[in-house]
Amino acid sequence: MKKVIILLVGILVVVGGIVGITQYYSQSRQSETITKGTLTVGLEGTYAPFSYRENGKLTGYEVDVAQAIGDKLHLKTKFVQTKWDSLIAGLGSNRYDVVMNNVGITPERKKTYRLATPYIYPKTVLIKRSDDQNLTNLESIKGKKMAQSTTSNYGQIARDHGAEIVAVPGIVEAMNLITTNRAEGSLNDLGAFAAWQKQNANADLTTVDISSEVKSQPSGPLLKKDNIKLEKDISKAIEELEKDGTLTKLSMKYFGTDLSHE
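Definitions and cut-offs
Residues numbered from 1 in each chain as written. Predicted model: local features only at pLDDT ≥ 70, side-chain atom pairs only at ≥ 80, totals over all residues. Heavy atoms only, no water. Helix = DSSP H or I, 4+ residues; strand = E, 2+ residues; numbered from the N terminus. Buried < 20%, exposed > 50% of the residue type's maximum accessible area, 1.4 Å probe, protein only. Contact = heavy atoms within 4.5 Å. Areas by Shrake-Rupley, 256 points an atom, 1.4 Å probe, with all protein chains shown as cover. Expected span 1.5 Å × (residues − 1). Polar contact = N/O pair within 3.5 Å; in protein donor to acceptor, adjacent residues only side chain to side chain. Axes fitted to C-alpha atoms, helices over the stretch in contact; angles between N-to-C directions. Parallel < 35°, antiparallel > 145°, perpendicular 65-115°, else oblique. Nonpolar A, V, L, I, M, F, W, Y, C, P; charged D, E, K, R; others polar. Phe/Tyr/Trp six-rings, centres within 6.5 Å; stacked < 30°, edge-to-face > 60°.

Looking now at the overall build of the protein. Each helix and strand counted, the protein has 10 helices and 12 strands in total. For the protein, buried positions account for 48% of its 262 residues. Considering only contacts in the protein between residues 6 or more positions apart, those separated by 24 or more positions represent 68%. Here the protein displays about 13500 Å² of accessible surface, and carbon together with sulfur accounts for 53% of that area.

Put into structure tokens, the structure is as follows:
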């Protein structure tokens, strides 16, 4: 009987220790997030296959990655949908803890924000009408009307190469401008275009692979400059998700190829 009691006490100590550790990690991060016990993530929710709604439910690569990060940190994951042009600004007004929306890690952004470990390495394509013979490479966009979000990486690349920017809030509007001849092309992510094309099979658009001209720019979680601890925790979680194969699995699910590393 005494051995049984000792064994039970030992089990309770182990269980109590596990629960205590979980509570410790959760509580230690409460001061890092705007809502106690919750990781609040800002994203568009209209940018398939990164984040979008299917049958009314928010889904996508970045939705699943964010959820997996929250699980690693012992935090609930909450999503806030915002249009791209005001998405990053929402960090400053404490609408969310982190932005996960295919945000490229650039030197300019590093000056103002904290960027955690990348979770995707997108491939850039030049989207155009199938009968267009003029857009053949990155240099050919000079002087051409390119439908771009003015604050995106792709918009900056188009400007840097002399394109005339036609401002749009997202890829859906960009594709509409091209198909109706109000813009000649657009630079965007291969995965995003593939998802759009799947839903618009009759659209006579095609792509030019310019990934050799545009260096793959990794995307990662964007946080406020002073949120050092949370950024380190998120980076560690992403590294674990890469190591255990979760990122590769999710990339294959949503993109059909592994874009989780270079």
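This paragraph deals with helix 2 (residues 61-72). With 12 residues, helix 2 extends 17 Å between its outermost C-alpha atoms, agreeing within 8% with the 16 Å of an ideal straight helix rising 1.5 Å per residue. Of all the positions in helix 2, only Y61, E62, V63, V65, A66, A68, I69 and G70 are classed as buried. Against strand 1 (38-43), strand 3 (57-59), strand 4 (76-81), helix 9 (228-243) and helix 10 (246-255) lie the buried residues of helix 2. Looking one or two places after helix 2, you find H74, whose phi comes out positive at around 60°.

Let us now look at the environment of D189. Topologically, D189 is positioned in strand 10 (residues 185-189). Here D189 falls in the buried class, since its relative accessible area comes to 0%. For the pair formed by D189 and K123, sequence separation is 66 residues and the distance between their alpha carbons is 5.7 Å. A distance of 2.8 Å separates a polar atom in the side chain of D189 from the backbone nitrogen of G191. A polar contact is formed between the side chain of D189 and the backbone nitrogen of A192, at a distance of 3.0 Å.

For any two helices packed against each other, the geometry is given by the interaxial angle and the distance between the axes. Two numbers describe how helix 2 lies on helix 9: the axes approach to 9 Å, and their chain directions differ by 110°. One element, helix 2, and the other, helix 9, form an angle in the roughly perpendicular class. Taken together, the residues of helix 9 that come into contact with helix 2 (itself represented by V65, A68, I69 and K72) are I234, A237, I238, E240 and L241. Broken down by class, the residue content of the contact of helix 2 with helix 9 amounts to 7 nonpolar, no polar and 2 charged.

This brings us to helix 6 (residues 153-160). Of all the positions in helix 6, only N153, Y154, G155, I157 and A158 are classed as buried. Of the surrounding elements, those touching the buried residues of helix 6 are helix 5 (107-112), strand 7 (124-129), strand 8 (145-148), strand 9 (164-167) and strand 10. Just beyond helix 6, the residue with positive phi is G162, at close to 80°.

Time to look at the packing of aromatic side chains. Applying the stated rule across the entire model yields 5 aromatic pairs. Look at F193 and W196: their rings are 6.0 Å apart centre to centre, the planes differ by 25°, and that puts the pair in the stacked class. Residue F193 and its partner W196 are both found in helix 8 (residues 190-199); the two are separated by 3 residues, about one turn of the helix. With respect to burial, F193 and W196 carry one shared label: buried.

It is worth spelling out the side chain of S219 at this point. Relative to the helices and strands, S219 is located in the loop between strand 11 (205-209) and strand 12 (222-224). Note on S219: relative accessible area 1%, which makes it buried. Here the side chain of S219 touches N102 through a polar contact of 2.8 Å, side chain to side chain.

With omega at 0°, the peptide bond leading from A48 into P49 counts as cis. With respect to the helices, strands and loops of the structure, P49 is situated in the loop between strand 1 and strand 2 (52-54). The backbone of N94 shows a phi angle near 60°, a positive value even though the residue is not glycine. Following the sequence through the fold, N94 ends up in the loop between helix 4 (89-92) and strand 5 (98-99). Residue N94 is classed as partly exposed on the basis of its relative accessible area, which comes to 40%. Positive phi values are uncommon outside glycine, yet N181 reaches one of about 65°. Turning to its location among the elements, N181 is positioned in the loop between helix 7 (171-179) and strand 10. Of the residues examined, N181 reaches a relative accessible area of 55% and is grouped as exposed.

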